[in-house]
Amino acid sequence: MNKNVLLYAAILVFGLAAPFVFPAFKVQLSILCVLIVLATTWNIQGGEMGYNTFGNILFYGLGMYLCASVQVGMFFPLAEWTESGGEKTFVHTPSQFFQGMAAGLVVAAVVPTIVAGLIGYAILGLRGHYFAICTLGLGVAAGEISGGIEIIGAGQGFTTPPFPNVGGLEARGEFFYFLSFGALVLTFIAVRAIYSTRFRLILNAIRDNEDKAEAMGIETMKYKIIGWMVSAFFCGLAGGIMGGLVGYIDSTDVAFDGREMGVFMVLMAILGGKGTLWGPVIGATVFHIFKEGFWTFFLGWQYVALGILIVVIVIYFPEGIMGWLREKYPERFGEVVDEADRKAQVELK
Amino acid sequence: MKINKLILSFISAVAILLSTSVVSFAKVVGDKIVLGAAISLTGKYSSNGVHTQNGYNMAVDRINSMGGVKVGGKTYKFEIIYYDDESNPKRAAQLAERLISQDGVEFMLGPYSSGLTKAIAPVTEKYGVPMVEANGASRSLFTKGYKYLFAVLAPANLYLDVAIRTAVELNGGKGVRIAQAFEQDAFSQDVRLGILDAAKETGSEIIIDDKLPKELNDMAATLVKVKQMKPDVLVVSGHTKGALTAIRQIAEMKVDVPMLAMTHCDAAKLSKQHGKNSQYALCASQWHKTLTYKDNFFKDGMTYAADFQKEFGYDPPYQSAESSAALLVFKDAFERANSFDQKKVRDALAATNMQTFYGNIKFAPGGQNVDKPMVLFQVMCDGAGKCENKVVAPLKWASAKLIHPIPKWSER
């Protein structure tokens, strides 16, 4: 237990000190936090429950639009803000900006949760590929629909309120870093708490054999929906933060960005090892470092390099980094290995 | 729990990696002025991104070889750090941040497209980094009160304004019936707003108002409606892909319409790709090589076009020309500011009043160029099927007479 405390303390210290030690990397670190949140929440469905969803991007995008809309709409007429060529310029005072952001984030987390409950009720009866394809459609549809809604800027996009002029040049970066780091800590604590209860076992039971789980008297539908709502809550929160960080929301390229974020969250979870608590965290970090590296050193070829990385992951690390480590060093994961028995098994083969 | 050790060592590895990453400070080093640019080298804007980059490079080489930039009695050369923004606004904003805070860039050139410029502008504004951009025309860029954003091009809502007014004029001053289809992106939607304004002022009626998806490769639904409702003008805007798709399908479906007005025809190399099928199409353009503007570096449009052709092997679209002009503006501003202080350079930029081969450049308080009108050209083909873009409006530069109405497909 002592070591656990040490580990978490180390991470917390690293997280809190990072923006001051590496001031130039604040934006990348903020995005890393968001990526970890997305991978960790995807893992609830994809890893623990065995439901490969591409639909979590829906909650992320929804959160982004909601947060920005609330932040603007609380103080100014939203339609005039988003109208292109509107002659008026609105400026948030610092207190308006922060109040708006706070309220916006609450809405950004809560509404997607409700939406997840409703959609989940409708489609979580689907299984396997059917569920995956259906959720894929959700993100695409949301992108097209939001691109037609005038009040949130439609195809013009939505410029989120600029950060107020307080605290110097670094304030914006630090604000969004701590916001996303806070969201990461919150997500991790919540997911860890959930995983320590019977809930995780139920999700695993659904993954391993849903019919059997049902036969045992587990109301699988209920737990599937709850699981998705938990993911939606944090995805929405992450989306809200990301919207403010990027400063500009585009329906298909930033908010409902299924091609990038939607696929990345799956990749990161698989890279790190799905069905583990730490896998998505490690996966997201490794992925982000590789991605940024490729962008710097293979300009123009970054997607080719990324593609090769994905192929390598699938061939050599099908169980992800955590799965690979577990196979290699089972004793470090608290598994007792009977060496004689292991040898006997190897020889049998 | 040995696993903790693994994770701990992993974290320290990340920390070491981060701290050893080289943070280079570029800005003005030695005799170099380093400019930063995020360009779409991949993704949906990749072809226009490359036009932009070629335009920048062409001007950098030219200015450097002709003596560079003189500031404080010393001569400096331009250098550009490029990153690929993948045509994605999220990526663009992140790269702007990276160029400024990691690479230490103090002056920026714009990306390609209004959407990406919208994503970058808040970042450059925050750091007070002057940005001269050549490819973000959306009107909303200039109403946000940005102080460090300067655009050498005319705003998007003016692109096809001329076309509507010409159609009304040819109709004896009476309003016309307009059919329009626009891509769902910041630029095209702004062109649409311009048409709405023009329609209102001229008493024209919009009978079809369609939206085209971003992954644009079919607009048959709109064209079927056009066939039935027979509008006087069909307006299409959707960057390069929109122009190509429209011409392909109009020819396939033999859609007859008296006037067809579009954007991005020259970037799409329309007359080369579709030959006679693209004949009579009207195109809005920021620039055409036959315009008679002049400067000391590229001489005039025709010389620029010839030099560009020699260097890159194709006729320069206006995206390249305006990008080259952005560098001329920067050079001029540095020399007038006689300093590398960002505020002073910004003020010098705001006071710009010059002529380049691309056109006159003078910025309004919002940052848009108010001294350069749009031109309209028409694709015209000779008997042998060789097609060329000829300027037809405004009349001052017209090298050919507008052919109106477009002959029916059955008569071609």
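Not measured: the values here are computed from a predicted model. (Residues numbered from 1 in each chain as written. Chains lettered and ligands numbered in written order. Predicted model: local features only at pLDDT ≥ 70, side-chain atom pairs only at ≥ 80, totals over all residues.)

Visitor: Which residues make up the overall build of chain B, and what values go with them?
Guide: From N to C terminus, chain B includes twelve helices and 18 strands. Computed over its C-alpha atoms, the radius of gyration of chain B comes to 23 Å, within 12% of the 22 Å expected for a compact globule of 412 residues. Its C-alpha atoms give chain B principal-axis dimensions of roughly 75 × 65 × 40 Å. Counting all 412 residues of chain B, 55% fall into the buried class. Sequence-distant contacts in chain B: of pairs separated by 6 or more residues, those separated by 24 or more amount to 68%. (Helix = DSSP H or I, 4+ residues; strand = E, 2+ residues; numbered from the N terminus. Rg over C-alpha atoms; globule rule 2.2 N^0.38 Å. Buried ≥ 20, exposed ≤ 12 C-beta atoms within 10 Å, placed from the backbone. Contact = placed C-beta atoms within 7 Å.)

Visitor: Mind laying out the overall build of chain A, listing which residues take part and the relevant values?
Guide: Scanning chain A from terminus to terminus reveals 16 helices and two strands. Relative to a compact globule of 349 residues, whose C-alpha radius of gyration would be 20 Å, chain A shows 21 Å and is just as compact. Principal-axis analysis of the C-alpha atoms gives chain A an extent of 80 × 50 × 40 Å. When contacts within chain A are restricted to residue pairs at least 6 apart in sequence, long-range pairs at least 24 apart make up 80% of them.

Visitor: Before we move on, could you go through the domain arrangement of chain B and cite the residues and values that matter?
Guide: All names here are of chain B. Taken domain by domain, chain B holds domain 1 (28-154 + 291-362) and domain 2 (158-285 + 382-411). For domain 1 and domain 2, the distance between their C-alpha centroids amounts to 30 Å. Taken together, the contact between domain 1 and domain 2 spans 15 residues of the former and eleven residues of the latter. Of all the secondary structure elements, the ones that give two or more residues to the side of domain 1 that touches domain 2 are helix H2 (46-65), helix H4 (114-127) and helix H11 (318-337). A per-class count over the side of domain 1 that touches domain 2 returns five nonpolar, eight polar and two charged. (Domains from an automatic or database assignment. Nonpolar A, V, L, I, M, F, W, Y, C, P; charged D, E, K, R; others polar.)

Visitor: So what's going on with the sheet that holds strand E17 (residues 375-381) of chain B? Residues and values would help.
Guide: Residues and elements named next belong to chain B. Pairing within the open sheet is mixed, and its seven strands lie in the order E9-E8-E10-E11-E12-E17-E18. Each of the sheet's edge strands pairs with one partner strand only, and the pair in question is strand E9 (205-212) and strand E18 (387-393). Each strand of the sheet is rotated relative to its neighbour by a mean of 25°, with strand direction disregarded. Summarising the sheet, E17 and E18 pair through six bridges and their orientation is antiparallel. In the strand pairing of E18, Phe-377 is matched with Val-391. Lying over the sheet, helix H7 (residues 220-229) contacts strand E8 (177-183), E9 and strand E10 (233-237), oriented at roughly 165° with respect to E9. (Pairing = 2+ DSSP bridges. Axes fitted to C-alpha atoms, helices over the stretch in contact; angles between N-to-C directions.)

Visitor: Residue-level account of the environment of Gly153(A), with values.
Guide: Residues and elements named next belong to chain A. By the element assignment, Gly-153 lies in the loop between helix H6 (128-146) and strand E1 (158-159). Counting along the chain gives 147 residues from Gly-153 to Gly-300, while the straight-line C-alpha distance between them is 31 Å. Excluding residues that lie within four positions of it along the chain, Gly-153 makes contacts with Thr-82 and Phe-158.

Visitor: Any details on the interface of chain A and chain B? Residues and values, ideally.
Guide: Tallying the contact residues gives 47 residues for chain A and 49 residues for chain B. Among the elements of the structure, helix H1 (2-21), helix H2 (26-49), helix H11 (251-255), helix H13 (279-297) and helix H14 (302-316) of chain A are those that each provide at least two residues to the side of chain A that touches chain B. Looking at the side of chain A that touches chain B, the element that brings in the most residues is H1(A), giving six residues. Its residues assigned to classes, the side of chain A that touches chain B comprises 23 nonpolar, 17 polar and seven charged.

Visitor: So, the confidence of the model for chain B: which residues are in play, and what are the values?
Guide: Residue and element names in this part refer to chain B. Per-chain confidence: chain B averages 88 in pLDDT, with 93% of residues scoring 70 or above. Averaged pLDDT values over the elements of chain B bottom out at 64 in helix H1 (residues 3-20) and peak at 96 in strand E6 (residues 131-133). This model gives residues 22-26 a pLDDT under 50, and the stretch forms ten contacts once residues within four places in sequence are excluded. For this predicted complex, the interface confidence comes out at an ipTM of 0.76, alongside a pTM of 0.83. (pLDDT = per-residue confidence, 0-100.)

Visitor: So, the nonpolar core: which residues are in play, and what are the values?
Guide: All names here are of chain A. Of all hydrophobic cores here, the largest spans 219 residues; its most connected members are Leu-38 and Ala-238. Looking at this core element by element, the count peaks at 13 residues for H2. Those residues within four positions of Ala-238 in sequence are excluded, and the remaining contacts are Val-34, Val-37, Leu-38, Tyr-60, Gly-63 and Ala-183. (Core = buried A, V, L, I, M, F, W, Y, C linked by C-beta atoms within 7 Å.)

Visitor: Provide a residue-level description of the pairing of E17(B), including the pertinent values.
Guide: Residues and elements named next belong to chain B. Burial runs high along E17: six of the seven residues are buried. Bridge count between strand E12 (residues 282-285) and E17: four bridges; the pairing is antiparallel. Of the residues in E17, the one forming a bridge with Cys-283 is Phe-377.

Visitor: Summarise unusual backbone geometry; cite the residues concerned and give the values.
Guide: When glycine is set aside, most residues are seen to have a negative phi, and most peptide bonds are trans. Residue and element names in this part refer to chain B. Note the cis peptide between Ala-393 and Pro-394, where omega equals -5°. As for its position among the elements, Pro-394 is in the segment after E18. Cis peptide bonds are those with omega within 30 degrees of zero, and the linkage from His-404 to Pro-405 qualifies with -5°. Take Pro-405: it is sitting in the segment after E18. The phi angle at Ser-87 is positive, at roughly 60°, despite the residue not being glycine. Residue position: Ser-87 is located in the loop between strand E4 (74-84) and helix H3 (89-101). For Asn-338, which is not glycine, the phi torsion reads 50° and is therefore positive.

Visitor: Go over the confidence of the model for chain A, please, and point to the residues and values.
Guide: Considering every residue of chain A, the mean pLDDT works out to 89; 97% of them sit at 70 or more. Here helix H16 (residues 339-348) of chain A is the element of chain A with the lowest mean pLDDT, 71, and helix H5 (residues 94-123) of chain A is the one with the highest, 96.

Visitor: Pulling in residues and values, what's your account of the environment of Met229(A)?
Guide: All names here are of chain A. Within the secondary structure layout, Met-229 lies in helix H10 (residues 220-246). Distance from Met-229 to Ile-282, taken between C-alpha atoms, is 24 Å for residues 53 residues apart in sequence. Not counting residues within four places of it along the chain, the set of residues in contact with Met-229 comprises Thr-113, Ala-116, Gly-117 and Gly-120.

Visitor: Pulling in residues and values, what's your account of the packing of H5(A) against H10(A)?
Guide: Where H5(A) contacts H10(A), the axes come no closer than 7 Å and their chain directions differ by 145°. The two elements H5(A) and H10(A) cross, and the hand of that crossing is right-handed. (Left-handed = near helix turned anticlockwise from the far one by under 90°.)

Visitor: Kindly report on helix H5 (residues 161-170) of chain B, identifying the contributing residues and their values.
Guide: Because an α-helix completes one turn every 3.6 residues, residues spaced three or four positions apart along the sequence face the same direction. Residue and element names in this part refer to chain B. Within H5, seven of the ten residues are buried, leaving the element largely enclosed by the surrounding structure. Within the span of H5, buried status applies to Asp-161, Val-162, Ala-163, Ile-164, Thr-166, Ala-167 and Val-168. Positive phi appears at Gly-172, one or two residues downstream of H5, with a value of about 75°.

Visitor: Describe the pairing of E8(B), naming the residues involved and giving the relevant values.
Guide: Residues and elements named next belong to chain B. Counted residue by residue, E8 has six buried out of seven residues, so it is predominantly covered. Pairing between E8 and E9: seven bridges, direction parallel. Directly across from Arg-177, in E9, lies its bridge partner Glu-205. Each parallel crossover has a hand, and for E8 linked through helix H6 (residues 186-202) to E9 it is right-handed. (Right-handed = clockwise from strand over helix to strand, strands pointing away.)

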